[in-house]
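Below, each chain spelled out in residue letters.
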There are 2 protein chains.
Amino acid sequence: MSERGLLIVFSGPSGVGKGTVRKAIFENENHQFEYSVSMTTRKQRPGEVDGVDYFFRTKEEFETMIKNGEMLEYAEYVGNYYGTPLKYVNETLDLGKDVFLEIEVQGALQVKEKAPDGVYIFLTPPDLIELRERITNRGTDSEKVINQRMKKAREEIEMMQVYDYAVVNDEVDLAVAHIMKIIEAEHFRVERVIGKYRRMLEKL
Amino acid sequence: MSERGLLIVFSGPSGVGKGTVRKAIFENENHQFEYSVSMTTRKQRPGEVDGVDYFFRTKEEFETMIKNGEMLEYAEYVGNYYGTPLKYVNETLDLGKDVFLEIEVQGALQVKEKAPDGVYIFLTPPDLIELRERITNRGTDSEKVINQRMKKAREEIEMMQVYDYAVVNDEVDLAVAHIMKIIEAEHFRVERVIGKYRRMLEKL
């Protein structure tokens, strides 16, 4: 029996650049994980390929899958469903391959409940780090703008808590390198390897 | 205030090659952590430098330090004390630098009780992985030898449980690369960075 793969859940606040970082990760030759294609009910756009960009389904098909418990996570956004089919994820993990999900924060929370042993990586906006400088230096911002920014920063920090790792998206290449290291290092976690050793002993 | 450094505790069964791997890690130009020199009551050997190879102390001095709670961990071995002075470790961590300890399993257990937030890395003998092949193929081994080997393997696997990571020492260079990645990745753990963000917000 091969060891079950790692479920890698990559998320972060909207607008942080998750898609760009994810694409760069999969362009990197060293990546050794499978990308889980999302399912959506939104219209297929010219150039998009079913099964590559998204699995395009009707609203009825998607709702049937939800009802049958076939979605690992899903959310509704501007009248359309977006989600992750459970089957592909499970089958790929069972083959011993790592699966990479790039999903919204709400979806990540759903996955965390079902699969707490996944690796949860939060992409942090560089703003959060530059926050202090920006607020101090930009004397032109109104108090209202500053307060909104502070509130947003606070929410993002609190979101971070359910994740295992936080990586700043200041430079895409750097963020990619950090994420690759995190995933590699996770393979050495005792809870992931000790079962292999125990089973090895049992079989003797 | 700079962020407190990581305490890296590197251990494993005796004879696994901890010293060799640790030396290779510190010869690697990319390492960014400080080595905590151990203290001992054993005689200084020709060529050994006090404060580099060990801090050489008398038995009385060492016992006074134990009594005063100045040792992070210690053990007696063949009539001599070996241990880690707490002061250097704390001062270095407070400067925001990572500290690397290479210690015996018993010492690692003591450190774990005092500093559960450290990074605990267990070096695994390649034997453990080759165990199956070795036991199956070497028909020449007596049952007694096989049983002893099994018992040892079992003990080593159980020891592993208190650690965060297990790295196999099959090739020194590979083990070093894996350990370096683990340490880098640990800097991105949410529990290590979230405090920085929170303090940043509080200061605004």
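Look up a bit, the structure's there.
Residues numbered from 1 in each chain as written. Chains lettered and ligands numbered in written order. Predicted model: local features only at pLDDT ≥ 70, side-chain atom pairs only at ≥ 80, totals over all residues.

A. The arrangement of the packing of helix α1 (residues 18-27) of chain A against helix α7 (residues 172-186) of chain A in detail. Residues and elements named next belong to chain A. One way to put it is that α1 packs onto α7 with a least axis distance of 9 Å and a crossing angle of 65°. In this structure, α1 crosses over α7, and the sense of that crossing is right-handed. Residue-level contacts link Thr20, Val21, Ala24 and Ile25 of α1 to Val172, Ala175, Val176 and Ile179 of α7. Its residues placed into classes, the contact of α1 with α7 shows 7 nonpolar, 1 polar and no charged. (Axes fitted to C-alpha atoms, helices over the stretch in contact; angles between N-to-C directions. Helix = DSSP H or I, 4+ residues; strand = E, 2+ residues; numbered from the N terminus. Left-handed = near helix turned anticlockwise from the far one by under 90°. Contact = placed C-beta atoms within 7 Å. Nonpolar A, V, L, I, M, F, W, Y, C, P; charged D, E, K, R; others polar.)

B. Examining the sheet that holds strand β5 (residues 71-77) of chain B more closely. All names here are of chain B. With respect to topology, 4 strands assemble into an open sheet ordered β4-β3-β6-β5, the strand pairing being mixed. Here the strands that pair on one side only, and so sit at the sheet edges, are β4 (55-56) and β5. Note that β5 and strand β6 (residues 80-85) share 6 bridges and pair antiparallel. Looking at β6, one finds that Glu73 is bridged to Thr84. Of the strands in this sheet, β5 and β6 touch helix α3 (residues 86-94), which is tilted by about 20° from β6. Packing against the sheet, helix α4 (residues 105-114) makes contact with β5 and β6, and its axis sits at approximately 160° to β5. (Pairing = 2+ DSSP bridges.)

C. Up close: the interface of chain B and chain A. At the interface, 31 residues of chain B touch 31 residues of chain A. Looking at the side of chain B that touches chain A, the elements with two or more residues in it are α5 (126-137), α6 (143-160), β9 (165-168), α7 (172-186) and α8 (190-203) of chain B. Broken down by element, the side of chain B that touches chain A gets its largest block of residues, 7 residues, from α8 of chain B. A per-class count over the side of chain B that touches chain A returns 22 nonpolar, 2 polar and 7 charged.

D. Representation of the sheet that holds strand β2 (residues 33-35) of chain A. Residue and element names in this part refer to chain A. An order of β2-β7-β1-β8-β9 is seen for the 5 strands of this open sheet, with the pairing classed as parallel. Only two strands of the sheet have a single neighbouring strand rather than two, namely β2 and β9 (165-168). Sheet twist, expressed as the average angle between the axes of neighbouring strands with direction ignored, equals 25°. Note that strand β1 (residues 7-11) and strand β7 (residues 98-102) share 4 bridges and pair parallel. Residue pairing across strands places Leu7 opposite Val99, the latter belonging to β7.

E. Molecular detail of α7 of chain B. Over its 15 residues, α7 of chain B extends 21 Å from the first C-alpha to the last, a length consistent with the 21 Å expected when each residue adds 1.5 Å. Restricting attention to buried positions, one finds in α7 of chain B the residues Ala175, Val176, His178, Ile179, Lys181, Ile182, Ile183, Ala185 and Glu186 of chain B. Summarising the contacts, the buried residues of α7 of chain B are in contact with α7 of chain A together with β1 (7-11), α1 (18-27), β7 (98-102), β8 (119-124) and β9 of chain B. (Expected span 1.5 Å × (residues − 1). Buried ≥ 20, exposed ≤ 12 C-beta atoms within 10 Å, placed from the backbone.)

No statement about biological role is implied by the geometric values presented.
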